[in-house]
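Observations on the three-dimensional arrangement
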Amino acid sequence: MSSKFVAAITSGLLLALPFLFPILFPLAWIFLISLFWLLQRERAWRQAFFFGWLTGGIANVLGFYWLDYTIRVFGGFPYGVSELIFLVFAAYGALPLALVALLVRLCGFGPLYLYPALFWVAIEFWFPLLFPWHLANSQSQFLALIQTADMVGPYGTSLLLVWLSTMLYAAISPRDRETKNYLRGAVVLSALLIGALWYGHWRLGGMEAAVTAARPLKVAAVQGNIDIRRKWGVVYLESNLKSYQELTKKVDEADLVIWPETAVEVWLPENIGRLPSEILPSLPLKTAFIFGARSFRGNPAMTHVQAFNSAFLADARGLVSGFYHKQILLAFGEYLPFAAVLSKLPGMPPLGDGFASGDGPRTLDLPNGVRAAPLVCYEDLMPALARRFVAEKGANLLVNLTNDAWFGNTAAPWQHLRLAQWRAIETRRYLVRVTNTGLTSVINAKGEIVETLPLFSPGVLTAKVALLEGETPYVRFGDWFAWAATLLALAAFAFRLVQLFKPSRSGDLDKIGDRPKGDAR
């Protein structure tokens, strides 16, 4: 096998491993070294794009290995077809790294060796993925480093990781290093890393004091452990519901009881005023109740009925006081893109629209001043949504209702948990994740995973959470850092294009792979 293929595969492997085994987080500091070695020996821009794509493909195949199981077992696709769908997914997910490799080949490392980090952040911010993830998520166990998320989101850590990997490559590759530029970059990067770690230690201590002073709320998160093969089965509706009701009887005292996504499997009208007695669990008198259900708007006997994946709030008597409809729907799972257009094609049967999106962030407000932000399914992976709940609605508690049973006994539920961890740090709010089969967890405002129920085990997680107020810089100002990185990346790319297409330069595209004149490496 060619050394270039070995280098690309090595980079992909080093990128994927921390997402499968978080204790290996230091591998994310070095994963680009072998890819950069390859790029500096590959003149053609087409080859640079290919090897970057190969690196990303390896990382996606390994990191999302569980998706093949989900497609085959729960999507109903046979062997061969499920693998083909999975490979298409991985090929698409590999494009960001292909673009980064191409841009580095075209533009070089730049002043302070900063260009690769800028290109990475810009593409990470803008490129649409089915399951959003950030390089920074690989550092979930390095709490001191990732506390800057309350200022810059995940993008600050992503930038530092890529910049560090670039500098380490240059350190061991004298032929690609220009001393003065390298030393300047090393000084600036070292200062930023030290500053990030100092800020992290300081913030961790400050949050401890804030949590101690905050008003507590006792929550009980119910994990029903309903097998996905029984979910939605008409003959199992009653027994599935009874499983949650029986578990809830074990709750002696709690301010809030939470059931996961679609725990109530019967359809409910969105404007339901009172829960039927056969649905309502036995609750202490002053206990509030949040649960997931499918709901609808309109008359089911008529056309134009809209369906929603929803969360409801009720009291111990069953009086419903609020609802939230999921806003960010999962393509191909909750809706079919372009269904209306596809239905008009010749020979194509009518296609349903699936679920409709909700109309904005709605908190579920308890009488005692608790404003819970319900994040349904994978909405807890979206930094902007959690931020909007806090900024626009003053949410002082994040609640994720989800059903990860689709992923089986794989790394996926753990990956989901560690990706969601960042929402707690970004907003400085407790996050209570309530799942059907696990991992039901409590994450505090420092990003620490405080308590977790085991996978595929029924149970009730009871914990006290702190109701924190105020806005972090990230909540208030949003993705200012990612925007700044994007503008700098565009400026670097534009400057390179001006150099390339000066009248004196050859129009041969293969020369685009040449190093920029005066590039400091």
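All values reported here derive from a predicted model rather than from experimental measurement. In this convention, every chain numbers its residues from 1, walking through the sequence in written order. At least 70 in pLDDT is required for a residue's local features to be given in this predicted model, at least 80 for side-chain atom pairs to be given and counted, and no such filter applies to totals for whole chains, interfaces and linings, which use all residues. Here the side-chain values reflect all heavy atoms present in the structure, with hydrogen atoms and water set aside.

1. Some points on the overall build of the protein
Counting its regular elements, the protein contains 17 helices and 13 strands. In terms of overall dimensions, the protein is globule-like: its C-alpha atoms have a radius of gyration of 25 Å, near the 24 Å expected for 521 residues. For the C-alpha atoms alone, the extent of the protein along its principal axes is close to 80 × 65 × 40 Å. Put simply, the protein has 521 residues, and 57% of those count as buried. Contacts in the protein between residues far apart in sequence, at least 24 positions, make up 72% of those at least 6 positions apart. A run of H or I in DSSP becomes a helix once it reaches four residues, and a run of E becomes a strand once it reaches two; helices and strands are each numbered from the N terminus. To get the radius of gyration, use the C-alpha atoms; to get the globule rule, take the number of residues to the power 0.38 and multiply by 2.2 Å. Accessible area is worked out with a 1.4 Å probe on protein chains only. A residue is then buried under 20% of its type maximum, exposed over 50%, and partly exposed in between. In this description, contact between two residues means that some pair of their heavy atoms is separated by no more than 4.5 Å.

2. Re the sheet that holds strand E10 (residues 431-435)
Each pair of strands is called paired provided DSSP finds at least two bridges between the two strands. Read across the open sheet, the six strands follow the order E7-E8-E9-E10-E11-E12; overall the sheet is mixed. A single partner strand is all that each edge strand has here, and the edge strands are strand E7 (364-365) and strand E12 (449-452). Relative to strand E8 (residues 371-376), helix H14 (residues 383-393) is tilted by about 160 degrees, and along the sheet it contacts E8 and strand E9 (397-402). Fitted lines through C-alpha atoms serve as axes, helices being fitted only where they are in contact, and the angles separating the N-to-C directions of these axes extend from 0 to 180 degrees. Of the strands in this sheet, E9, E10, strand E11 (441-443) and E12 touch helix H15 (residues 412-427), which is tilted by about 155 degrees from E10.

3. Re the packing of helix H7 (residues 115-126) against helix H10 (residues 155-171)
Put simply, H7 and H10 touch, their axes get as near as 8 Å, and they point 145 degrees apart. Considering only the axes of H7 and H10, their crossing is right-handed. Across from Pro-116, Ala-117, Leu-118, Trp-120, Val-121, Glu-124 and Phe-125 in H7, the residues of H10 making contact are Tyr-155, Ser-158, Leu-159, Val-162, Trp-163 and Thr-166. Any residue outside Ala, Val, Leu, Ile, Met, Phe, Trp, Tyr, Cys, Pro, Asp, Glu, Lys and Arg is labelled polar, Gly included; the first ten of those are nonpolar and the last four are charged. Split into classes, the residues belonging to the contact of H7 with H10 amount to ten nonpolar, two polar and one charged. Handedness of each helix crossing follows the sense of rotation of the near helix against the far helix: counterclockwise by less than a right angle gives left-handed, clockwise gives right-handed.

4. A short note on unusual backbone geometry
Of the consecutive residues Gly-438 and Leu-439, the connecting peptide bond is found in the cis state with omega at 15 degrees. By the secondary structure assignment, Leu-439 is in the loop between E10 and E11. The residue Tyr-113 is not glycine, and still its phi comes out positive at about 60 degrees. Note that Tyr-113 resides in the loop between helix H6 (95-107) and H7. Unusually for a residue other than glycine, Asn-225 sits at a positive phi of about 55 degrees. One can find Asn-225 in the loop between strand E1 (215-223) and helix H12 (237-248). Judged by its relative accessible area of 24%, Asn-225 is partly exposed.

5. Considerations on the packing of helix H1 (residues 3-20) against helix H3 (residues 45-63)
One can describe the packing of H1 onto H3 by two numbers: an axis separation of 8 Å at closest approach and a directional angle of 35 degrees. Between H1 and H3 lies a crossing of right-handed hand. For the pair formed by H1 and H3, the contact residues are Lys-4, Phe-5, Ala-8, Ile-9, Ser-11, Gly-12, Leu-13, Leu-15, Ala-16 and Leu-20 on the first element and Phe-50, Phe-51, Leu-54, Thr-55, Ile-58, Ala-59, Leu-62 and Gly-63 on the second. Looking at side-chain class alone, the contact of H1 with H3 contains 13 nonpolar, four polar and one charged residues.

6. Notes on the confidence of the model for the protein
Low-confidence regions, as indicated by low pLDDT, have predicted coordinates that should not be scrutinised in detail. For every residue, the pLDDT score states the predictor's confidence, bounded by 0 at the bottom and 100 at the top. The share of residues in the protein with pLDDT of 70 or more is 92%, and the mean pLDDT across the chain is 90. Confidence over residues 347-351 falls short of pLDDT 50; this stretch has eight contacts with residues more than four positions distant or in other chains. A low-confidence stretch, residues 505-514 stays under pLDDT 50, and its non-local contacts, those more than four residues away or across chains, total 19 contacts.

7. Description of the nonpolar core
If you look at the biggest cluster of nonpolar residues, it comprises 125 residues, and the most contacted ones within it are Leu-256 and Leu-397. Considering each element in turn, this core owes the most residues, ten residues, to H10. If we skip the residues at most four places from it in the chain, Leu-397 touches Leu-217, Leu-256, Val-370, Arg-371, Ala-372, Ala-373, Arg-429, Tyr-430, Val-432, Val-465 and Leu-467. By nonpolar core we mean a set of buried residues, namely Ala, Val, Leu, Ile, Met, Phe, Trp, Tyr and Cys, connected to one another through side-chain atoms within 4.5 Å. Judged by nonpolar contacts, the second largest core, of 26 residues, contains Ile-226, Leu-241, Phe-312 and Ala-316.

8. Topic: the packing of aromatic side chains
Classification of ring pairs uses Phe, Tyr and Trp, with its six-membered ring standing for Trp, and accepts pairs whose centres are within 6.5 Å; under 30 degrees between planes counts as stacked, over 60 as edge-to-face, and the remaining range as tilted. All told, the structure shown has 36 aromatic pairs when counted by the stated rule. Both rings, one in Tyr-199 and one in Trp-202, keep their centres 5.7 Å apart while their planes meet at 50 degrees; by these two values the pair is tilted. Highlighted residues: Tyr-199 and Trp-202, both in helix H11 (residues 179-213), separated by three residues, approximately one helical turn. A residue is classified by how much of its surface remains accessible, and Tyr-199, at 13% relative accessible area, is buried. With a centroid separation of 5.3 Å and 35 degrees between ring planes, the pair formed by Tyr-244 and Trp-259 is classed as tilted.

9. Focus on a nonpolar patch on the surface
Residues qualify for a patch when their relative accessible area is over 30% and they have no salt bridge, like charges being joined within 9 Å and the nonpolar side chains of Val, Leu, Ile, Met, Phe, Trp and Tyr within 5 Å. Here the open area of atoms and residues is found with the Shrake-Rupley method and a 1.4 Å probe, where only the protein chains shown may cover a residue. Put simply, a salt bridge is a Lys or Arg side-chain nitrogen that is within 4 Å of an Asp or Glu carboxyl oxygen. Judged by side-chain polarity, Phe-5, Ile-9, Phe-50 and Trp-53 come together as a nonpolar surface patch covering roughly 300 Å² of accessible area. Elements with a minimum of two residues in the nonpolar patch: H1 and H3.

10. What to know about the pairing of E1
Here is the key point about a regular strand: its side chains alternate between the two faces of the sheet. Here E1 pairs with strand E13 (residues 459-467) via nine bridges, running antiparallel. For Arg-215, the partnering residue across the bridge sits in E13 and is Leu-467.

11. Thoughts on the environment of Phe-25
Note that Phe-25 resides in the loop between H1 and helix H2 (33-39). Given a relative accessible area of 16%, Phe-25 falls into the buried group. For Phe-25 and Asn-137, which are 112 residues apart along the polypeptide, the C-alpha to C-alpha distance reads 9.3 Å. The contact partners of Phe-25, leaving out residues within four places of it in the chain, are Pro-18, Ser-138, Gln-139, Gln-141 and Phe-142.

12. As for the pattern of salt bridges
For the coordinates displayed, the defined rule picks out 19 salt bridges. For Arg-423, the salt bridge goes to Glu-426, with nearest N and O atoms at 2.8 Å. On the criterion of helical spacing, the pair formed by Arg-423 and Glu-426 is a turn pair, its members being three residues apart in helix H15. With respect to class, Arg-423 is no different from Glu-426; both count as buried. The network of salt bridges with shared partners includes Asp-68, Arg-72 and Glu-83.

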